[in-house]
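Take a look at the letters that make up each chain.
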Amino acid sequence: MTADLPTRPGDLPLSAAQRAEQRVQLALWASGESVWEWEAASGLVKVDAAEPTALPFSAVEQGMTLEQLFARAHADDQEALRLAWQLHLRGAHPDIDVSFRIQNDAGHQRWLRVRGRALGRDARGQVERVLGTLKDVTAQREAEDSLRLMAHAFSSTRDAMAVIDPQWTVLEINEALVRLAGEDSGIMPGSDLRQWLKLDDAVLAEVLADGIWRGDRELRCAAGDVPVEVSITAVLASDGQRRCHLVALHDLRERRLSEARLQRMAMVDELTGLPNRLAAQFRIDEALARKEPCFGILFIDLDGFKEINDSYGHDHGDQLLAAVGQRLRAALPEDAVLARWGSDEFLVVLAQGSGDTEVRASAQVVLAALASPFEVGDQAVRITPTIGAVLAPQDGLEFSQLLRKADSAMYAGKERGRNCLVFFDSTLDNDAQRRVRLTSLLRIDTDRNGFRFVAQPKVDAQGRTKGAELLMRWTTEAFGSVSPVEFIPLAEKVGLIQLMGRHAAHAAAQLAAACAELGHALPVAVNLSPKQLLQPGLDGLLLHACRRHGIAPCMLELELTESALVHNMDIVAPMLHRLRGHGFSLALDDFGTGYSSLSYLRHLPFDKVKIDRSFVMDIERDPAATRLLESIVKLCKVLGMRTVAEGVETAQQLAALAAMGVDEFQGYYFARPMPVDDWLALLGRPGEPPPLLPLPDAAG
Ligand code: C2E
Ligand code: CA
Ligand code: CA
């Protein structure tokens, strides 16, 4: 039976029973319910749907057994359904009222609410017939579920929330809001939200237009104002009609703190706690912006810091930098800004009104502060600063200009022997430009080995050739011939020296091989830069050069300066022993210019000491120097090392040095450095001894 829905005008008159039936149908249609019936006789449930679409599935119209019906219910609901049925049939419950999930014909899950009541019982009290209604309540259940979820989210979220109506009246607040605002804040349902947050109707208009409004505000809390991010969204109240607004407040205090920390970090150097590069620039810009700026800037670079870092490890390097920062800060006047500029660079910005005198005084303070050794790990380490200085406004009205000039001055200080102060002057500017151009040319020539090598003989007291030193030469189109005194330090600074050293090692091995081919077993000396000694693969590289040119390592003499040794003894000493172990001979170059301590020589496997030209020059002028040199030569003999005098320019020098017992000599008196082919030609034909030096026509 299907419902005949409302009667149309012109239909036949109806009986009273028919009218009653019609009223029932109308009521069912209006409520969206269907009628069902179960009969004990047939055992079937049949449904009389108010609308076909209201039926959960078509089979019920034909009728199905209770078991069939239960089986179609959701597994989790079957038990409850069965129980409700039995309790009612046994008379324990006055009626059936149960909601359960069932799959419709399309395979979708629907919620049904089934109500019913037993109508007739037989003589034994058994139920004969049950009549009831059923309704698809899926939409309602889902709405309830989502409301339950919303309510749960509302109460359990950590963000503070309130629900308000369009007149700003608070309808609900959650726990988090009470916690944020404080128990005594007075915020509660019924109050006007605007008492706690500065908001106006324009905000709500925006919510209506865009669906959401967001902004930062201060929330008036019991304990004071708290910055919050406010977002307001429109929601429909549970009755589906009333519009209300969900206000979510996100506490910004933590974010503000970390923003402040970030800002601080942007201005402070983490390692030393000093102002950083940015802060320094800021201070200088600020000072320059004043009407009559007049102040000094010192650019400080630590000498040899990289070597310390490489040999002691970065942790110790960091410790040292922090300690240097501390000492400088403590020593410098309070009104001077001390900043960390880069890895091992510091910047001092002196107070307004400072000039030449104040810069010098501050430089003295800096030099004195770093004079005593630092403890790094369990070792005492010495470090010296090189300082470049500029004065504003005379050296520049812009930060970058001042900095560039201070850097140039510092660089000039490095070249003048470090541990000193150099003021900027205009000649340095040209130097800086020259350096930049030379560097790029040097890179190109290092890549393509665009260097030449010359050889300078070493002889004994009788003028017999004992070997030669290989020296690098570099000529550029733009600058002509550039002295190694200039380009070697540059190559060290820009990291090209290792590759250049490899070129030199091969050239030396090649020259030694060429000498051997002429029948002369003469060793060739090659200079190694301190940077090369820190190169872990140095010995492998040198052995490779020997193998490639077919010479024994003893035909290469490696010349090292003292400065290579002092800072990095723990790396350098093992390397020297390894090199000596391979058979290379080792010479200490420029002896007397640097640290002049023979004590550490005892522990190092040097074969030769090369006495620096400056000593040799002093011989004729300074008797004290002569006596000192005498004792050095004796000491070397005791230690089993040969001595070589460099820069011998006169017969007198030669005579004095020979009298002291110096073993070998090198200098313009005998021969100037010459192209390697000239040197090979000088050695003469195979089987003949080389001529004595100086050659009769060259001496003078
Ligand atoms: P050095 O190792 O002390 O080389 C000796 C320097 O003294 C050479 O200068 C040489 O030309 C010069 N000299 C030799 N005899 C006399 C003399 O009687 N009087 C005077 N006034 N000078 C003399 P040079 O060739 O300009 O080299 C300078 C420095 O450059 C070298 O000093 C060395 O430290 C470095 N150097 C040269 N070639 C190389 C190289 O291939 N590798 C490395 N790492 N350094 C090199
Ligand atoms: Ca040398
Ligand atoms: Ca030398």
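Predicted model, so just to flag it, every value in this text is computed and none were measured.

A.B. asks: So what's going on with the site of ligand 1? Which residues, and what values?
C.D. replies: Gln-456, Arg-473, Arg-613, Glu-649 and Tyr-668 are the nearest of the 22 residues found near ligand 1. A distance of 2.9 Å separates an oxygen atom of ligand 1 from a polar side-chain atom of Arg-473. Calculation on ligand 1 without its partners gives an accessible area of 790 Å², and the protein chains cover 83% of this total. With four residues, strand 20 (residues 465-476) is the largest single contributor of residues to the shell around ligand 1. Considering only residue class, the shell around ligand 1 consists of 10 nonpolar, five polar and seven charged.

A.B. asks: I'd like a rundown of the sheet that holds strand 4 (residues 96-103), residues and numbers included.
C.D. replies: Across the sheet, six strands lie side by side as 3-2-1-6-5-4; this open sheet has antiparallel pairing. Strands with a single pairing partner mark the edges of an open sheet, and in this sheet they are strand 3 (64-65) and strand 4. Relative to strand 3, strand 2 (residues 44-48) runs antiparallel, the two sharing two bridges. Directly across from Val-45, in strand 3, lies its bridge partner Met-64. Sheet strands in contact with helix 4 (residues 75-89) are strand 1 (34-39), strand 4, strand 5 (109-121) and strand 6 (127-136), and its direction is about 150° off that of strand 4.

A.B. asks: So, the coordination of the calcium ion (ligand 2): which residues are in play, and what are the values?
C.D. replies: Summarising the metal site, the calcium ion (ligand 2) is bound by the protein donors Glu-469 (OE), Asn-527 (OD1), Glu-559 (OE) and Asp-589 (OD), whose distances to it range over 2.1 to 2.3 Å. All donors to the calcium ion (ligand 2) come from one chain, and their sequence spacing reads E-x57-N-x31-E-x29-D. Taking relative accessible area as the criterion, Glu-469 reaches 4% and is therefore assigned buried. We classify Asp-589 as buried; its relative accessible area is 5%.

A.B. asks: Give a detailed account of the packing of helix 14 (residues 426-447) against helix 16 (residues 497-517), specifying residues and quantitative values.
C.D. replies: Packed helices, taken two at a time, are described by the angle between their axes plus the distance between the axes. Where helix 14 meets helix 16, the closest approach of the two axes is 10 Å, and the angle between their N-to-C directions is 40°. Our classification of the angle between helix 14 and helix 16 gives oblique. For the pair helix 14 and helix 16, the crossing hand works out as left-handed. Note on element contacts: helix 16 touches helix 14 through Leu-499, Met-500 and His-503, opposite Leu-442, Thr-446 and Asp-447. Per-class residue counts for the contact of helix 14 with helix 16 are three nonpolar, two polar and one charged.

A.B. asks: Just give me the short version of the pattern of salt bridges, but keep the residues and values in it.
C.D. replies: If charged atoms from side chains of opposite charge come close, those side chains can pair. Under the criterion given, the structure shown has 37 salt bridges. Across the pair Asp-192 and Arg-194 runs a salt bridge, and its minimum N-O distance is 2.9 Å. Since its relative accessible area comes to 25%, Asp-192 is described here as partly exposed. Between Glu-286 and Arg-283 there is a salt bridge whose closest N-O contact spans 3.7 Å.

A.B. asks: Describe helix 11 (residues 314-331), with residues and values.
C.D. replies: Under the 1.5 Å per step criterion, the end-to-end length of helix 11 is 26 Å for 18 residues, consistent within 8% with the ideal 26 Å. Every buried residue belonging to helix 11 is among Gly-317, Leu-320, Leu-321, Val-324, Gly-325 and Leu-328, and all of these are buried. Seen end-on, helix 11 carries its buried residues on one side only, within an arc spanning 140°. Of the residues in helix 11, the exposed ones pointing more than 90 degrees away from the buried face are Asp-315, Gln-326 and Ala-330.

A.B. asks: So what's going on with the pairing of strand 2? Which residues, and what values?
C.D. replies: Looking at chain direction, strand 1 and strand 2 are connected through four bridges and run antiparallel. Within strand 2, the residue paired with Trp-36 across the bridge is Val-47. In this structure, the hairpin formed by strand 1 and strand 2 is closed by a connection of four residues, where Gly-43 is found at a positive phi of approximately 75°.

A.B. asks: Before we move on, can you summarise the coordination of the calcium ion (ligand 3) with the specific residues and values?
C.D. replies: Looking at the calcium ion (ligand 3), one finds its protein donor set to be Asp-589 (OD), Asp-590 (OD), Glu-646 (OE) and Glu-646 (OE), positioned 2.1 to 2.6 Å from the metal centre. Counting gaps between the donor residues of the calcium ion (ligand 3) yields the pattern D-D-x55-E. Separation of the calcium ion (ligand 3) from the calcium ion (ligand 2) amounts to 3.9 Å, with Asp-589 serving as a shared donor to the pair. Its relative accessible area of 24% is what places Asp-590 among the partly exposed residues.

A.B. asks: An account of the nonpolar core is needed here, citing residue identities and associated values.
C.D. replies: Counting residues in hydrophobic clusters, the biggest one holds 85 residues, and the most contacted among them are Leu-533, Leu-576, Phe-606, Val-648, Leu-657, Phe-665 and Trp-679. Looking at this core, the element that brings in the most residues is helix 16, giving 11 residues. Not counting residues up to four positions away in its chain, the partners in contact with Phe-606 are Leu-560, Leu-565, Leu-576, Leu-586, Ala-587, Leu-588, Leu-601 and Met-641. The next biggest cluster of nonpolar side chains, apart from the first, holds 31 residues, and it includes Leu-298, Leu-320, Leu-370 and Phe-374.

A.B. asks: Please provide a residue-by-residue account of unusual backbone geometry, values included.
C.D. replies: Of note, the amide linkage connecting Ala-392 to Pro-393 takes the cis form, showing an omega dihedral of 10°. Within the fold, Pro-393 resides in the loop between strand 17 (385-392) and helix 13 (399-415). Between Leu-693 and the following residue, Pro-694, the backbone shows a cis peptide bond with an omega angle of -5°. The residue Pro-694 is located in the segment after helix 24 (676-683) in this model. The phi dihedral of Trp-168 is positive, around 75°, even though this residue is not glycine. Tracing the chain through its elements places Trp-168 in the loop between strand 7 (160-164) and strand 8 (170-173). Here the phi dihedral of Arg-418 falls at roughly 65°; this positive angle occurs in a residue that is not glycine. Of note, Arg-418 is situated in the loop between helix 13 and strand 18 (421-423).

A.B. asks: I'd like to hear about the domain arrangement of the protein, residue by residue, with values.
C.D. replies: By the assigned domains, the protein splits into domain 1 (28-136), domain 2 (157-256), domain 3 (268-424) and domain 4 (498-669). Using C-alpha coordinates to define each centre, domain 2 is positioned 54 Å away from domain 3.

A.B. asks: So what's going on with the environment of Trp-36? Which residues, and what values?
C.D. replies: Topologically, Trp-36 is positioned in strand 1. At a separation of 3.1 Å, a polar atom in the side chain of Trp-36 contacts the main-chain carbonyl oxygen of Arg-115.

A.B. asks: Just give me the short version of the packing of aromatic side chains, but keep the residues and values in it.
C.D. replies: Across all of its chains, the model carries eight aromatic pairs by this definition. Where Phe-451 meets Trp-474, the ring centres are 6.4 Å apart and the plane angle is 55°; that geometry is what we call tilted. Pair noted here: Phe-451 is in the loop between helix 14 and strand 19 (452-460) and Trp-474 is in strand 20, with a separation of 23 residues, a long-range link. Here Phe-451 matches Trp-474 in class, with each residue buried. With 5.0 Å between their ring centres and 75° between their planes, Tyr-669 and Phe-670 make a pair best called edge-to-face. By the burial criterion, Tyr-669 is buried, and Phe-670 matches it.

Thresholds, definitions, all that
Residues numbered from 1 in each chain as written. Chains lettered and ligands numbered in written order. Predicted model: local features only at pLDDT ≥ 70, side-chain atom pairs only at ≥ 80, totals over all residues. Heavy atoms only, no water. Near = heavy atom within 4 Å. Polar contact = N/O pair within 3.5 Å; in protein donor to acceptor, adjacent residues only side chain to side chain. Areas by Shrake-Rupley, 256 points an atom, 1.4 Å probe, with all protein chains shown as cover. Helix = DSSP H or I, 4+ residues; strand = E, 2+ residues; numbered from the N terminus. Nonpolar A, V, L, I, M, F, W, Y, C, P; charged D, E, K, R; others polar. Pairing = 2+ DSSP bridges. Contact = heavy atoms within 4.5 Å. Axes fitted to C-alpha atoms, helices over the stretch in contact; angles between N-to-C directions. Donors = N, O, S within 2.8 Å, 3.2 Å for Na, K, Ca; no water. Buried < 20%, exposed > 50% of the residue type's maximum accessible area, 1.4 Å probe, protein only. Parallel < 35°, antiparallel > 145°, perpendicular 65-115°, else oblique. Left-handed = near helix turned anticlockwise from the far one by under 90°. Salt bridge = Lys/Arg side-chain N within 4 Å of Asp/Glu carboxyl O. Expected span 1.5 Å × (residues − 1). Arc of directions from axis to C-beta. Core = buried A, V, L, I, M, F, W, Y, C linked by side-chain atoms within 4.5 Å. Domains from an automatic or database assignment. Phe/Tyr/Trp six-rings, centres within 6.5 Å; stacked < 30°, edge-to-face > 60°.

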